[in-house]
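Understanding the architecture of this molecule
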Amino acid sequence: MRKRDIVEFCLQAVYPRRCPVCHDIVRPKGALVCRGCEGKIMPVREPRCRKCGKPVEKEEQEYCSDCLRHRHFFEEGAGIFPYNRLMRESLMKCKYGGRREYLDYYGEMMIRYGGKYLARFRPQAIAPIPLHKTQMRLRGFNQSLCLAQALGGHFGIPVYPQMLEKVRKTRTQKSLDEKQRRNNLRGAFSIGEQFQPLHRILLVDDVYTTGGTVDEAARCLKQAGAGQICVLVLCIGKGF
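Here goes a summary of the coordinates provided. Quantities reported herein were computed from a predicted structural model and do not represent experimental measurements.

Counting 35 residues, the largest nonpolar core has F81, Y106, M110, L202, V204, L232 and L234 as its most contacted members. Secondary structure elements with two or more residues in this core: strand 1 (76-82), helix 3 (85-96), helix 4 (102-121), helix 6 (143-155), strand 5 (200-208) and strand 6 (228-236). Ranked by residue count, the leading element in this core is helix 4, at 9 residues. Setting aside anything within four residues of it in sequence, one finds L202 in contact with L118, F121, P123, A125, I126, A127, C230, V231 and L232. With 31 residues, the next largest nonpolar core counts C67, V214, A226 and I236 among its residues.

What follows is the structure, encoded as structure tokens:
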């Protein structure tokens, strides 16, 4: 048995893996999610907004109300799961409740359901949305980077963690309305040391609601000379 496997075995014995859906100890042992929970979170289905990828109510509806009202700096977006109560609670426990192991499941789902989007986007590189250094110190990990690394490692696409930097600490987005969210993020990002003016870059984040975060990141990249920017997120809000 490899040293890494021994360490993992010991950690599982002391801190057994929790299910990212029900949050109990995973059954069967060794799985990423409980067998009975696998079908409780279903991926986003059609119809979807042709711009951001939010699920919409009517087949004939091309764009959600957000995309009709606002200009986006990215070309196209998509989300894996609807941002519903189950996923909201799961992400909260992952990011703020010490359940970092949930990222293994999220990464697997990004790979399973995200391949069709990567085949269409054809990105030359993946850039995760960065955290501010103070957030990184407190949390200890960047969930967007973990998702990007899962995608990049599986599909053989370079991941550049320092393509962008978050240079300004912003307020928590969930407490703000749409206009406040966009103003909150203005000037929050700058070009990092790994930036390259590539033709097709994929931005990866955990949640898309109004799109303010990825829009500001895409604007920053395009101002520096990047070409097309597409977006793939783990969870996406509902469109109207």
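In this section: helix 4. With 20 residues, helix 4 extends 26 Å between its outermost C-alpha atoms, agreeing within 8% with the 28 Å of an ideal straight helix rising 1.5 Å per residue. Of all the bends in helix 4, the greatest, near 60 degrees, is centred on G114. Directly after helix 4, the chain includes R122, whose backbone phi takes a positive value near 50 degrees.

Glancing now at unusual backbone geometry. Note that the residue after R27, namely P28, is joined by a cis bond; omega there is 0 degrees. Assignment of secondary structure puts P28 in the loop between helix 1 (3-14) and helix 2 (65-69). The omega torsion of the bond from E46 to P47 falls at 0 degrees, within 30 degrees of zero and hence cis. Among the secondary structure elements, P47 is positioned in the loop between helix 1 and helix 2. The backbone phi angle of R122 is positive, close to 50 degrees, even though this residue is not glycine. You can see R122 is positioned in the loop between helix 4 and strand 2 (125-128).

Right, let's talk about the packing of helix 3 against helix 4 for a bit. As a packed pair, helix 3 and helix 4 sit with axes 10 Å apart at the nearest point and diverge in direction by 130 degrees. In terms of orientation, helix 3 and helix 4 fall into the oblique class. Residue-level contacts link M87, S90, L91, K93 and C94 of helix 3 to Y102, L103 and Y106 of helix 4. Grouping the constituent residues of the contact of helix 3 with helix 4 by class yields 6 nonpolar, 1 polar and 1 charged.

For the rest of this paragraph, the subject is the packing of aromatic side chains. A full pass over the atoms with the stated rule returns 4 aromatic pairs. Ring plane angle 70 degrees and centroid distance 6.2 Å describe the contact between F81 and Y113, whose orientation is recorded as edge-to-face. Of this pair, F81 sits in strand 1 while Y113 sits in helix 4, and the two are 32 residues apart along the sequence. Residue F81 is classed as buried on the basis of its relative accessible area, which comes to 0%. Taking the relative accessible area as the measure of exposure, Y113 reaches 27% and is therefore partly exposed. Here the aromatic rings of Y117 and F121 are separated by 6.3 Å at their centres, their planes lie at 25 degrees, and the arrangement is stacked. Of the two residues, Y117 and F121 both sit in helix 4, 4 residues apart, roughly one turn of that helix. Among the residues examined, Y117 registers a relative accessible area of 4% and is labelled buried. Given the relative accessible area of 6%, F121 is considered buried.

Thresholds applied
Residues numbered from 1 in each chain as written. Predicted model: local features only at pLDDT ≥ 70, side-chain atom pairs only at ≥ 80, totals over all residues. Heavy atoms only, no water. Core = buried A, V, L, I, M, F, W, Y, C linked by side-chain atoms within 4.5 Å. Buried < 20%, exposed > 50% of the residue type's maximum accessible area, 1.4 Å probe, protein only. Helix = DSSP H or I, 4+ residues; strand = E, 2+ residues; numbered from the N terminus. Contact = heavy atoms within 4.5 Å. Expected span 1.5 Å × (residues − 1). Bend = angle between axes of the 7 residues up to and from the residue. Axes fitted to C-alpha atoms, helices over the stretch in contact; angles between N-to-C directions. Parallel < 35°, antiparallel > 145°, perpendicular 65-115°, else oblique. Nonpolar A, V, L, I, M, F, W, Y, C, P; charged D, E, K, R; others polar. Phe/Tyr/Trp six-rings, centres within 6.5 Å; stacked < 30°, edge-to-face > 60°.

In short, geometric facts, not functional conclusions.
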